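Structural features, examined
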Amino acid sequence: MPSAFSLNISGYDTRHGKWQDRIGQVRAAIDHLDADVVVLQGVAYDRRINIKNQAEQLAEILTDYSFSHYEPMSTTGGVTESLAVLSKVAPSDVFVHRLSRRPEVTDTDRVLMHAAFSFADGRAFNVFNVNLSPVYEQAFDNIRDLMLYVNAFELPGLIIGDFNRPHNSPLMANMREGGWSDAYTTLLPNDDGYTFESPNPTVRRTQAWVKGIEPKKARVIMSETNDIRMSGHRGLYISWE
C-alpha cells in the first residue's frame, strides 16, 4: 500500500528550534512513518550555513531514501526556498511546473513539483507537491493553474503539500469541481486535523487531495521534545490503494 508524508520544514526559521536540533525531529518522524514518498516545502539553501540544501542534509541521514530532488524556486537575501521530494524508489520522471504570478501581488515565485512513479507490475501514480500562495487572489490563480496541469494526467494522483489556505476555504471548490477529494476529510470527517501553527494549531493548511486512488489512512504528525519541534507546521501522512 503506497504512502506519503508531507511537511513544511520552515527553512532555517529558529522559532521552534535551531535547524541542527529540528532536523532530528524531522528524521525521527520520517523514520517512524516509513512512508514511500516524502514531500517537503519551505526547503532552504543557504551556503552561509551549509553547502547542501536541507533536503540533501536529510537524505544523508535517512538511509532508506535513495532518491532526492530539490528545485530552487525563489531567492531572497541569498537564501533560496523551494520544494523537494525524497523517495525510497526513484520516480520515473520529475517535472517542475511554474505557476503564474500576478504582477501587482507581493509574493514569491511558486512552482509545483510532479513526481511520476511507475513499477514493473503495472502500478503507477503521480504525486504533486505544492506550496501555494497565502494571498487569496494569487491562491485562486495557483489552484486554477494546478488544476489545468494535474487534470492533463489520467494516472491516479495525489496532490499534497502546504496550501496556505484552510481545507474548507471556498477556493477548494475548484479542487472538487476538478474531480479531487480531500483525503483527510473523507477518512476523518469529524476531526479538524489542524496543522498550523504549532504548538497550538488552528487551521489545516497541509492537505492531501486524491483522484483515482482510495485513501486508507490519514494522520496529522507532530514530533516535539523540550520545545524543539519539526517546524511551525505539523506533517500529514496518507496511505492509499
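Residues numbered from 1 in each chain as written. Predicted model: local features only at pLDDT ≥ 70, side-chain atom pairs only at ≥ 80, totals over all residues. Heavy atoms only, no water.

Some thoughts on the sheet that holds strand S4 (residues 79-87)
Taken in spatial order, the 6 strands make up an open sheet running S3-S4-S2-S1-S14-S11, and their pairing is mixed. Pairing within the sheet leaves two strands with one partner each, and these edge strands are strand S3 (67-76) and strand S11 (215-221). Here the average twist between neighbouring strands, direction ignored, is 15 degrees. By the bridge criterion, 7 bridges tie strand S2 (residues 37-45) to S4 in an arrangement that is antiparallel. Its bridge partner being in S4, Val 43 is matched across the sheet by Ser 82. (Pairing = 2+ DSSP bridges. Helix = DSSP H or I, 4+ residues; strand = E, 2+ residues; numbered from the N terminus. Axes fitted to C-alpha atoms, helices over the stretch in contact; angles between N-to-C directions.)

Remarks on the nonpolar core
Phe 5, Val 26, Leu 40, Leu 58 and Leu 86 are the most contacted members of the largest nonpolar core, which has 26 residues in total. Those elements giving two or more residues to this core turn out to be strand S1 (3-8), helix H1 (19-33), S2, helix H2 (54-61) and S4. Looking at this core element by element, the count peaks at 6 residues for H1. Apart from the residues lying within four places of it in its own chain, the contact partners of Phe 5 are Ile 30, Leu 33, Ala 35, Val 37, Val 38, Val 39, Ile 221, Gly 235, Leu 236 and Tyr 237. Of all hydrophobic cores here, the second largest spans 24 residues; its members include Val 37, Val 111, Ala 183 and Leu 236. (Core = buried A, V, L, I, M, F, W, Y, C linked by side-chain atoms within 4.5 Å. Buried < 20%, exposed > 50% of the residue type's maximum accessible area, 1.4 Å probe, protein only. Contact = heavy atoms within 4.5 Å.)

Concerning the sheet that holds strand S10 (residues 206-211)
If you trace the 6 strands from one edge of the open sheet to the other, you get S5-S6-S7-S8-S10-S9, paired in mixed fashion. One side of each edge strand has no neighbouring strand; the edge strands of this open sheet are strand S5 (93-98) and strand S9 (181-182). Strand direction decides the pairing type here: strand S7 (residues 124-131) and strand S8 (residues 157-162), joined by 6 bridges, are parallel. Each residue of the ladder has a partner; that of Val 130, found in S8, is Gly 161.

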